[in-house]
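# Observations on chain architecture
Spelled out from the first residue to the last, the chains are:
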Amino acid sequence: MARGGGSSRVRRRRACRRCAALACVLACALGVFIGVVRWTHKAFVAPWIPDTHRYPSEWRGLPRKCRRRLAYRLPVDFREMRLGAANVQGTVARTMTYERMYRAAVRDGIDVFHRGATTTQSLSVDDMFAVGVDGKLLPKLTPLETGVRAIVMPVPVGAVSRTMHEKTVKHLRAFGFTPNVDVYLQDPNVFHFSVFHASHHLEEHAVDADEYRIEAQSIGNVTQDLCPIDAILERVFVTTGGVVVAGWNVEKTSRGEPSQLRRELRQALPNAPQNQLVSDLYILHTTLARIVGAPFPNADGKGIAKRMSQALTDELCGLELTLPGAWFVEEKHKLALALRGTVDKVEMP
């Protein structure tokens, strides 16, 4: 009996040791897995979770992994979105806008492959850039008598901004573009989302020091209530104007919504231009680069727009970030944030 009892205890100890070892292995695997997810900064959906979503037609061209990431991070099932639920109106609007902008370039090509075409804000490539003796692009910095005052949300400098920049450069090179020759790269340290303008170069509203302080205080009162915004990258696409754009959507965990932010800024800044440079109420986008010319003679603008948009989306879709606050900036040069001009900024709460 004693011998049998001892054998039983040995078996139990062995079983316990095996369970403990298995638990340690699972814990280590889980830790590594979580670390990888955090390192990539991408939304994660466990592959064993059944895919029961009905995806919108605008996502038909997105990779399956991308559709799953978006579906589990956005507010509700797209079946409800089609019913026009108020709380998801912005999500649907952004998805439709990005699809429309992508399709326009695939249909019409990239205008800046042809000399004299406009790229942004009715400006041509020649309006924005000169070419140095070494063949490199030189931004044309046009001083402004009245600075452009804008509310922007900066992308925090770190892994996400670095990843977007590095992958953009990688794919531009793969399609034959040479940075700072036929494509201008945005500075990843000032990636941002344009939200609203208190004054811009097409409709100037000069202010004195006291009026500027009142504007800043009014903006701060809005942003402290509607920030942060939790965002997920839905797709990257090239516009007909040659701008490489990251189009983001707003996660269901988000405190703020871009359309609400713009509406309240409109009320807080009654003298702001009626015609905003960013006319879309819902859009949440970041400029990654500006194509200024074809990478080689007779380049297929439609094909490049389609294939490069798909390649960048496949690599970057699902990136997540939190926009903690806003800047109130005053650009002393036209397109100063885009062209590395002089910018004064005040961080808003």
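Our subject is the structure that appears above.
The notes below deal with the structure included here. Not measured: the values here are computed from a predicted model.

Reading guide: rules and limits
Residues numbered from 1 in each chain as written. Predicted model: local features only at pLDDT ≥ 70, side-chain atom pairs only at ≥ 80, totals over all residues. Heavy atoms only, no water. Pairing = 2+ DSSP bridges. Helix = DSSP H or I, 4+ residues; strand = E, 2+ residues; numbered from the N terminus. Axes fitted to C-alpha atoms, helices over the stretch in contact; angles between N-to-C directions. Contact = heavy atoms within 4.5 Å. Polar contact = N/O pair within 3.5 Å; in protein donor to acceptor, adjacent residues only side chain to side chain. Left-handed = near helix turned anticlockwise from the far one by under 90°. 1 Å grid on protein atoms, 1.4 Å probe; cavity = no way out; pocket = protein on both sides within 12 Å on 5 of 7 lines; lining within 4 Å. Points joined across faces, edges and corners; volume = space filled by probe spheres on them. Nonpolar A, V, L, I, M, F, W, Y, C, P; charged D, E, K, R; others polar.

## Looking at the sheet that holds strand β5 (residues 143-154)
In spatial order, the strands read β7-β5-β12-β13; together these four strands make up an open sheet with antiparallel pairing. Pairing within the sheet leaves two strands with one partner each, and these edge strands are β7 (192-199) and β13 (343-347). In this sheet, adjacent strand axes meet at a mean angle of 30 degrees when their direction is disregarded. Bridge count for β5 against strand β12 (residues 327-333) is six bridges, and the pairing is antiparallel. From the neighbouring strand, Pro-143 faces β12, where its bridge partner is His-333. Across the sheet, helix α7 (residues 209-226) is in contact with β5, β7, β12 and β13; its angle to β12 comes to roughly 140 degrees. Across the sheet, helix α8 (residues 258-268) lies against β5 and β7, angled at about 20 degrees from β7, the strand it touches most.

## Some details on the side chain of Thr-168
Take Thr-168: it is sitting in helix α6 (residues 159-174). A distance of 2.6 Å separates a polar side-chain atom of Thr-168 from the backbone oxygen of Met-164. Residues in contact with Thr-168, not counting those within four places in the same chain, are Leu-288, Ala-289 and Leu-312.

## Quick look at the packing of helix α4 (residues 89-108) against helix α9 (residues 301-316)
Where α4 meets α9, the axes come as close as 6 Å, and the angle between the chain directions of the two elements is 145 degrees. Here α4 runs over α9; the crossing is left-handed. Contact residues: Tyr-102, Ala-105, Val-106, Arg-107 and Asp-108 in α4; Lys-302, Ala-305, Lys-306, Ser-309 and Gln-310 in α9.

## Quick word on the layout of surface pockets
In this structure, the largest pocket encloses a volume near 940 Å³. Around the largest pocket, the lining is made up of 36 residues, and of these Thr-120, Gln-121, Val-278, His-285 and Thr-287 lie nearest the centre. Elements supplying a minimum of two residues to the lining of the largest pocket: α4, β1 (118-120), β5, β7, β9 (243-250), β10 (285-291), β12 and α10 (336-339). Per element, the largest residue contribution to the lining of the largest pocket is four residues, and it comes from β10. A breakdown of the residues in the lining of the largest pocket according to their chemical character gives 16 nonpolar, 15 polar and five charged.

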